[in-house]
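# Structural overview
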Amino acid sequence: MRDWMMIAAALTLASSPVAAQEVRDTPEDHPPPPASLEQMGWLVGQWSGTGIGGAPAHESWLLPTGNTMVGTFIQMKDETEIMFTEHIYLMEEEGSLVMRLKHFNADLTAWEDKEGMVTFKLIALEDCAAYFRALTLRCDGDNGLVAAVRMKSAGGEISELVFRFERVE
């Protein structure tokens, strides 16, 4: 199922125009910058927009608890059916930030194995923007959020998938 999702995402991206590259890159050994969850307050709240294939997508972030902010992401197939979800931890670690997440199918079966997760290390932090290795979260105007992720298709092609959200009041 995970391979199907990666292929679908890559095909969707190939047919969607992307104005500019959102995701930054650095060498694997790039030292993470100093950062704290306090600098991520702009992310807290509910966000809704479009995701894969123009279908609805939603992202939510709670206030920090200790050294962790918990988030969720929901990608819908259509207005009524979930395609997949993500459970996300944004954590303070060694004086910087790291994001870890797990993907789940609509039936709550995990994409990653029991001990596995996807990890994104912080490479730069700006006002209202966090750049992780292969992932960007940044403000978009007064009420918007852009989330972009670099993906590798089953065929090895690297591309970006960009989600655009508006804050839900």
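Residues numbered from 1 in each chain as written. Predicted model: local features only at pLDDT ≥ 70, side-chain atom pairs only at ≥ 80, totals over all residues. Heavy atoms only, no water.

Right, let's talk about the packing of aromatic side chains for a bit. Throughout the structure, instances matching the rule amount to five aromatic pairs. With centroids separated by 5.1 Å and ring planes inclined at 45°, the aromatic side chains of Phe-84 and Trp-111 adopt a geometry described as tilted. Separated by 27 residues along the polypeptide, Phe-84 in strand E4 (residues 82-93) and Trp-111 in the loop between strand E5 (96-105) and strand E6 (118-126) bring together distant segments of the chain. Taking the relative accessible area as the measure of exposure, Trp-111 reaches 13% and is therefore buried. Centre to centre, the rings of Phe-163 and Phe-165 are 6.3 Å apart; their planes meet at 5°, and the pair counts as stacked. On the basis of relative accessibility, which here comes to 7%, the residue Phe-163 falls in the buried class. Through pairs of rings, three or more aromatic residues link up here, namely Phe-73, Phe-84, Trp-111, Phe-163 and Phe-165. (Phe/Tyr/Trp six-rings, centres within 6.5 Å; stacked < 30°, edge-to-face > 60°. Helix = DSSP H or I, 4+ residues; strand = E, 2+ residues; numbered from the N terminus. Buried < 20%, exposed > 50% of the residue type's maximum accessible area, 1.4 Å probe, protein only.)

Within the secondary structure, Glu-112 is located in the loop between E5 and E6. According to the relative accessible area criterion, Glu-112 is buried, its value standing at 10%.

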